[in-house]
Amino acid sequence: MSGNWIEVCAADEIDEEDVIRFDHDGRTFAVYRSPDDEYFATDGLCTHEHIHLADGLVMDDIIECPKHNGRFNYKTGQANGAPVCVNLKTYPVKVEAGSVFIALV
Amino acid sequence: MNRPANKIVIVGAGECGARAAFALREKGYEGDITLIGAEPHLPYERPPLSKEGLAGQLDPKYVADAERYEAAGIQVLTDAAVQAIDRGAKTVRISDGRDLSYNRLLLATGASPRPFPGHSPTSSLVRVLRTHAEAAAIRLKLAPGKLLAIIGGGFIGLELASTARKFGAEVVLLEGLPRVLSRGVPEEIAAVVAERHRLEGVDIRCNARIADIEERGEKVEIDLDDGGILIADLVVVGIGAIPNTALAEAAGLAIDNGIAVDETLCTSDPDIFAAGDCCSFPLGHYDGRRIRLEAWRNAQDQGTLAAANLLGAAETIASVPWFWSDQYDLTLQIAGLADGAVLTVQRDLGDGAFILFHLDASGRLISASGIGTGNAIARDIRLAEMLIAAGKRPDPQALGSTDIKLKALLAA
Ligand SMILES: Cc1cc2nc3c(=O)[nH]c(=O)nc-3n(C[C@H](O)[C@H](O)[C@H](O)COP(=O)(O)OP(=O)(O)OC[C@H]3O[C@@H](n4cnc5c(N)ncnc54)[C@H](O)[C@@H]3O)c2cc1C
Ligand code: FES
């Protein structure tokens, strides 16, 4: 169950094909808006060296880590090759009344 | 090329060799893979050795753990140096006396630190930094009250200086040229780096001429041409690296500032490829200019490309050179090559972070270098790299204006 919905920001605060950092309750997340105007969320730190992914570049469904260009599919969390090999955790996202919410599990 | 690859031997178990081995499996290759490395460890990442990895970690940061090699069916021989290649018999001679046959060979032998002229690279007081073992030995000497003298103001020397300061060691850095980072880094960026080191208490001496280095018991005396004398607890020499070409040279392969390969990473023997720090290659984005890189992502990219071509793909080098360095909380990144630039444009990203874009006479973007705290410059450098790869001639004013997103220039 994804009972615990947390408001992140207004939907238009994230540009299309972009990402923002969202900190909540001692945890950090990355929240994405895809080129097709869908929203996604993953853990905020790269699984290689714990760098904030929100400083990275979003291209289609890929987030590229700013530090050493490790790549993840932000829709599935899948690590897409060296130097990253551990997947990212993903979280459910919804948009309601112009705001983005993520479900923390 | 005759038979399809079914016995692939990789000489050199570093970043590049390891990446090539995994990439072969990712591309569906099912034959034998033997990865042979002279060091006692499985392949590990070198960049941390001068950075956070020097902070006393017992184990290096491995590229992959033993289970992953096992699961991928990659045989790794550690502590095993390849001593000779017999190209006629298609075998390599290993230090334990065995001959191993191959039908495709990849040389990923990397580079070795250039020793200080007239000094043994294995002295315990005058060291170099390339391996985990060397990093561990250097770490033991870094403490308050100890003086570390670094020879060479390149990336490794400067990164080591910043890490040594974290341990409280005193640091003097001797650079022979008028400024640090004179190879490949714009002066404005080198100045930011040098100033930060000064604020952190590193004594950087440019135009330094070393007359003599002498070990005296537990100390090392460095005599300078200007009459100055330094008494250091440890000297680390960081004056560049030399590609490991001896093996290839003895086998009669073409050498040209590294093992010479073509745009597919193939050496002068069609069954032997070379990749990473050990090879020189023609770079398509820059009129086929022959260069050699000592860069971590290049080692990975070329490892992956070599894997494809060992299997007969004949793909050509397409990536743009990219490098990063971390010192204190500063990160510097460089994409492309700035030689031949006629115009430089600065883009200020706030909090002192900035990027310099270099354009050639035709207006083409050929390089971007940036510096800032954390990852302030990373995204724009990455976009610049894509602009370079696409051969774009962006409006210089747009490059300088943060109102205009670089992503928009890429689409233009
Ligand atoms: C301290 C340090 C910090 C660095 N920091 C950065 C950085 O911040 N950013 C960046 O982009 N790059 C950095 N680099 C560069 C980067 O680490 C190298 O570009 C990369 O390691 C090259 O990989 P390689 O596999 O080609 O060579 P190497 O990593 O050198 O590996 C080659 C391996 O082959 C082995 N070998 C050689 N000959 C034989 C033989 N005959 N038989 C068996 N084995 C053999 C060697 O022992 C070695 O283990 C750094 C390098 C160092 C040393
Ligand atoms: S920290 Fe993300 S790829 Fe290294």
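A quick note: this is a predicted structure, and the numbers were derived from the prediction, not measured.

Participant: Can you explain the overall build of chain A? Please cite residues and give values.
Facilitator: For chain A, the count of helices and strands is 0 helices and 10 strands. Along its sequence from the N terminus, chain A presents helices and strands in the succession β-β-β-β-β-β-β-β-β-β. The globule rule puts the C-alpha radius of gyration for 105 residues at 13 Å, and the 13 Å found for chain A is close to it. Projected onto its principal axes, the C-alpha coordinates of chain A cover approximately 40 × 25 × 20 Å.

Participant: Account for the UniProt feature "domain: Rieske" (unreviewed entry) in chain A, naming residues and giving values.
Facilitator: Taking the UniProt record as the reference, the feature "domain: Rieske" (unreviewed entry) is found at residues 6–102 of chain A. Across residues 6–102 of chain A, helical content stands at 0% and strand content at 44%; the span's end C-alpha atoms are separated by 5 Å.

Participant: Any chance you could break down the site of ligand 1 for me, citing the residues and the numbers?
Facilitator: Residue and element names in this part refer to chain B. Taken together, 34 residues lie near ligand 1, and Glu39, Arg46, Lys51, Arg130 and Asp277 sit nearest. Contact between ligand 1 and Arg46: an oxygen atom at 2.6 Å from a side-chain N or O atom of the residue. Burial of ligand 1 by the protein amounts to 93% of the accessible area it has alone, namely 1000 Å². Going through the elements one at a time, helix H1 (15–26), helix H4 (155–166), helix H7 (296–310) and strand S22 (322–327) are the ones with two or more residues in the shell around ligand 1.

Participant: Any chance you could break down the sheet that holds strand S20 (residues 279–283) of chain B for me, citing the residues and the numbers?
Facilitator: Residues and elements named next belong to chain B. An order of S18-S20-S21 is seen for the 3 strands of this open sheet, with the pairing classed as mixed. Sheet topology places strand S18 (259–260) and strand S21 (289–291) at the edges, where each strand pairs with a single neighbour. As judged from the 3 bridges shared by S20 and S21, these two strands associate in the antiparallel manner. Residue pairing for S21: Phe281 is matched across the bridge by Ile291.

Participant: Please give an account of the pairing of strand S4 (residues 82–86) of chain B that cites residues and values.
Facilitator: Put simply, side chains in a regular strand alternate between the two faces of the sheet. In this structure, S4(B) lies alongside strand S5 (residues 91–94) of chain B, joined through 4 bridges in antiparallel fashion. Paired with B:Val82 across the strands is B:Ile94, a residue of S5(B).

Participant: Quick rundown of the packing of H1(B) against H7(B)? Include the residues and the values.
Facilitator: For any two helices packed against each other, one specifies the inter-axial angle together with the distance between the axes. All names here are of chain B. With their axes 7 Å apart at the nearest point, H1 and H7 run at an angle of 40 degrees to one another. Accordingly, the angle class assigned to the pair H1 and H7 is oblique. Considering the relative orientation of H1 and H7, their crossing is right-handed. For the pair H1 and H7, the contacting residues are Glu15, Cys16, Arg19, Ala20, Ala23 and Leu24 in the first and Trp296, Ala299, Gln300, Gly303, Thr304, Ala307 and Leu310 in the second. Residue composition of the contact of H1 with H7, by class: 8 nonpolar, 3 polar and 2 charged.

Participant: So, the sheet that holds strand S1 (residues 5–10) of chain A: which residues are in play, and what are the values?
Facilitator: Residue and element names in this part refer to chain A. Reading across from one edge, S1-S10-S9 is the order of the 3 strands in this open sheet, with antiparallel pairing throughout. The sheet is open, and its two borders are formed by S1 and strand S9 (93–96), each paired with just one other strand. Each neighbouring strand pair of the sheet contributes to a mean axis angle of 30 degrees, computed without reference to strand direction. When S9 meets strand S10 (residues 99–103), the two strands line up antiparallel, connected through 4 bridges. In the strand pairing of S10, Lys94 is matched with Phe101.

Participant: Residues and numbers for the pairing of S10(A), please.
Facilitator: Residues and elements named next belong to chain A. In terms of residue burial, S10 counts as a mostly covered element, since 5 of its 5 residues are buried. A two-sided burial pattern is seen for S10, the buried positions comprising Ser99, Phe101 and Ala103 on one face and Val100 and Ile102 on the other. Relative to S10, S1 runs antiparallel, the two sharing 5 bridges. Counted as the bridge partner of Trp5 is Ala103 from S10.

Participant: Give a detailed account of the domain arrangement of chain B, specifying residues and quantitative values.
Facilitator: Residues and elements named next belong to chain B. Its domain assignment divides chain B into domain 1 (7–112 + 241–310), domain 2 (131–237) and domain 3 (329–411). A C-alpha centroid distance of 32 Å is found between domain 1 and domain 3. On the domain 3 side, the residues contacting the 6 residues of domain 1 number 8 residues. Across the interface of domain 1 and domain 3, roughly 600 Å² is buried in total on both sides, 46% from carbon and sulfur atoms.

Participant: Help me get a handle on the interface of chain A and chain B, residues and values and all.
Facilitator: Every contact between the two is made by 22 residues of chain A and, on the other side, 21 residues of chain B. Regarding the contact of chain A and chain B, the summed buried area is about 1700 Å², with carbon and sulfur atoms giving 44% of it. Remark: the boundary between chain A and chain B carries 6 salt bridges. A salt bridge links A:Asp18 to B:Lys405; the nearest nitrogen and oxygen atoms lie 3.8 Å apart. Our count for the contact surface shared by chain A and chain B stands at 13 residue pairs in polar contact (both at pLDDT 80 or more). Elements with a minimum of two residues in the side of chain A that touches chain B: strand S2 (18–24) and strand S5 (57–59) of chain A. Per-element accounting of the side of chain A that touches chain B gives the leading share, 3 residues, to S5(A). Split into classes, the residues belonging to the side of chain A that touches chain B amount to 10 nonpolar, 4 polar and 8 charged.

Participant: Outline the UniProt feature "domain: Reductase C-terminal" (unreviewed entry) in chain B, listing residues and values.
Facilitator: According to UniProt, the feature "domain: Reductase C-terminal" (unreviewed entry) maps to residues 322–410 of chain B in the numbering used here. For residues 322–410 of chain B, the helix share is 25%, the strand share is 38%, and the end-to-end C-alpha distance is 18 Å.

Participant: Kindly report on the packing of aromatic side chains, identifying the contributing residues and their values.
Facilitator: For the structure shown, the criterion picks out 8 aromatic pairs over all chains. Ring geometry for A:Phe29 against A:Tyr91: centres 5.1 Å apart, planes inclined by 90 degrees, an arrangement best described as edge-to-face. With A:Phe29 in strand S3 (residues 27–33) and A:Tyr91 in strand S8 (residues 90–91), this residue pair connects regions lying 62 residues apart in the sequence. For A:Phe29, a relative accessible area of 1% corresponds to the buried category. Feature note: the residues A:Phe22, A:Phe29 and A:Tyr91 constitute an aromatic cluster, connected by ring pairs. For the cation-ring pair, B:Arg139 lies above B:Phe167, with the distance from its terminal atom to the ring centre recorded as 3.8 Å.

What counts as what
Residues numbered from 1 in each chain as written. Chains lettered and ligands numbered in written order. Predicted model: local features only at pLDDT ≥ 70, side-chain atom pairs only at ≥ 80, totals over all residues. Heavy atoms only, no water. Helix = DSSP H or I, 4+ residues; strand = E, 2+ residues; numbered from the N terminus. Rg over C-alpha atoms; globule rule 2.2 N^0.38 Å. UniProt positions renumbered as here; feature names shortened; annotations may be inferred. Near = heavy atom within 4 Å. Polar contact = N/O pair within 3.5 Å; in protein donor to acceptor, adjacent residues only side chain to side chain. Areas by Shrake-Rupley, 256 points an atom, 1.4 Å probe, with all protein chains shown as cover. Pairing = 2+ DSSP bridges. Axes fitted to C-alpha atoms, helices over the stretch in contact; angles between N-to-C directions. Parallel < 35°, antiparallel > 145°, perpendicular 65-115°, else oblique. Left-handed = near helix turned anticlockwise from the far one by under 90°. Contact = heavy atoms within 4.5 Å. Nonpolar A, V, L, I, M, F, W, Y, C, P; charged D, E, K, R; others polar. Buried < 20%, exposed > 50% of the residue type's maximum accessible area, 1.4 Å probe, protein only. Domains from an automatic or database assignment. Buried area = accessible area lost by both parts, 1.4 Å probe. Salt bridge = Lys/Arg side-chain N within 4 Å of Asp/Glu carboxyl O. Phe/Tyr/Trp six-rings, centres within 6.5 Å; stacked < 30°, edge-to-face > 60°. Lys NZ or Arg CZ within 6 Å of the ring centre and 35° of its normal.

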